[in-house]
Amino acid sequence: MATQASAPTKPKRARRVKPQAERLPDLDDLERSLQFLQSLELPSGDGDRMEADWHAVNISLLDEAVRLLLEEPTNYYCAGNMFLYYSIPQALEIKEYVEGNGKKPRYKGPDFFLVKGVDGTHMRESWRVWEEDGRYPDPIVEFISSSTRRKDVEKNVEIYEGVFRTKEYFGYDGRKGELKGYQLGSTGYAPIEPNEHDWLWSETLGAYLGIWQGKYRGRRFRWLRLYDREGRLVLTGQERAEQAESELQRLRNALRKRGIELE
């Protein structure tokens, strides 16, 4: 079993400077901003490669597990490796970068996220907060590599905590077998304490996140998986089919011993 890392030191936050004059934007400003955002042709991808094979595969595994756990997405939306747009400056940074006219944006989106209380039955090319009644992700999961550690563990967490107010953040380093989680409280993010299996409970998912070593899609690795409230592994579609076939074979063998053969 992979070991649980000690509670992480929360990243330092930039000092907030109080503006000289606090003024709420008037309705005309809000309407102009919304019209501008709606007029932008925002990209849904930039062609950047994933950091590693396990990274992409584990996003797919987590997405499948969440959908099997929560069933039909009539009241939630989940996605992996998708752009998340939340402001005019950030949207313009991504647009200019994809068009080759700017530097790499400070933030493009999480590896995996879920938003509760929305209709997830229709396709989206990206998550645009202003088109989703101002809804931000409830849990976010980042799959961490050596090249993305500082961004995922420090810079992005500041956005999730201070801007998105995301209820839960999980970071998993598959190479090291380290899983860390935070839950948002009145004073910011606090570490989620692991249970006796080193799993972390997610209130937003109603399930545990834990490390499981085994084979998925032909790859053997330390995968991040879901476990239900009773501690049972949330099986993939293939695993469920294999389990049903194994049970059928067991029943056939039991009947055969009694001289009964099933066609």
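Up top you'll find the structure we're talking about.
Being a predicted model, the structure only gives us computed values, none of them experimental.

Cut-offs applied
Residues numbered from 1 in each chain as written. Predicted model: local features only at pLDDT ≥ 70, side-chain atom pairs only at ≥ 80, totals over all residues. Heavy atoms only, no water. Salt bridge = Lys/Arg side-chain N within 4 Å of Asp/Glu carboxyl O. Helix = DSSP H or I, 4+ residues; strand = E, 2+ residues; numbered from the N terminus. Pairing = 2+ DSSP bridges. Axes fitted to C-alpha atoms, helices over the stretch in contact; angles between N-to-C directions. Contact = heavy atoms within 4.5 Å. Phe/Tyr/Trp six-rings, centres within 6.5 Å; stacked < 30°, edge-to-face > 60°. Buried < 20%, exposed > 50% of the residue type's maximum accessible area, 1.4 Å probe, protein only.

### Observations concerning the pattern of salt bridges
- The tally for this structure, following the rule as stated, stands at 13 salt bridges.
- Residues Arg 67 and Asp 63 are paired through a salt bridge, measuring 2.8 Å at the closest nitrogen-oxygen approach. In this pair, Arg 67 and Asp 63 both sit in helix H2 (residues 53-70), four residues apart, roughly one turn of the helix.

### Let's talk about the pairing of strand S7 (residues 178-185)
- Pairing of strand S6 (residues 168-173) with S7, which is carried by six bridges, proceeds in the antiparallel orientation. By the bridge assignment for S7, Glu 168 is matched with Gln 183.
- In this structure, the hairpin formed by S6 and S7 is closed by a connection of four residues, where Gly 177 is found at a positive phi of approximately 70°.
- As paired elements, S7 and strand S8 (residues 188-191) share four bridges and run antiparallel to each other. Each residue of the ladder has a partner; that of Tyr 182, found in S8, is Pro 191.

### Some words on the sheet that holds strand S9 (residues 200-202)
- Spatially, the three strands line up as an open sheet ordered S9-S10-S11, and their pairing is antiparallel. Strands at the two margins of the open sheet, each flanked by one partner only, are S9 and strand S11 (219-227). In this sheet, neighbouring strand axes are inclined to one another by 40° on average, regardless of whether the strands run parallel or antiparallel.
- Sheet topology places strand S10 (residues 207-216) next to S11; nine bridges connect them, and they run antiparallel. Residue pairing for S11: Gly 214 is matched across the bridge by Phe 221.
- Sheet contacts for H2: S10 and S11; angle to S11, the most-contacted strand, approximately 30°.

### Considerations on the sheet that holds S7
- On the basis of which strands lie adjacent, the open sheet formed by six strands has the order S1-S3-S5-S6-S7-S8 and mixed pairing. Because the sheet does not close on itself, it has two edges, and the strands there are strand S1 (76-80) and S8. Neighbour-to-neighbour, the strand axes of this sheet turn through a mean angle of 15°, independent of strand direction.
- Where strand S5 (residues 139-143) lies against S6, five bridges are found, and the strand directions are parallel. Residue pairing across strands places Phe 143 opposite Tyr 172, the latter belonging to S6.
- Sitting on the sheet, H2 is in contact with S1, strand S3 (112-116), S5 and S6, with an inclination near 165° to S1.
- Contacts from helix H4 (residues 149-164) reach S5, S6, S7 and S8, with the element oriented near 170° to S5.

### Side note on the packing of aromatic side chains
- Applying the stated criterion across every chain, the model contains 22 aromatic pairs.
- When the centroid spacing of 6.4 Å and the interplanar angle of 50° are considered together, the rings of Tyr 77 and Phe 113 count as tilted. With Tyr 77 in strand S1 and Phe 113 in strand S3, the pair connects residues that are 36 residues apart, well separated along the chain. Neither residue differs from the other here; Tyr 77 and Phe 113 are each classed as buried.
- Taking the centre distance of 3.8 Å and the plane angle of 15° together, the rings of Trp 199 and Tyr 227 count as stacked. In this pair, Trp 199 sits in the loop between S8 and S9 while Tyr 227 sits in strand S11, placing the two residues 28 residues apart along the sequence.
- Given a relative accessible area of 10%, Trp 199 falls into the buried group.
- Accessibility expressed as a relative area gives 8% for Tyr 227, which makes it buried.

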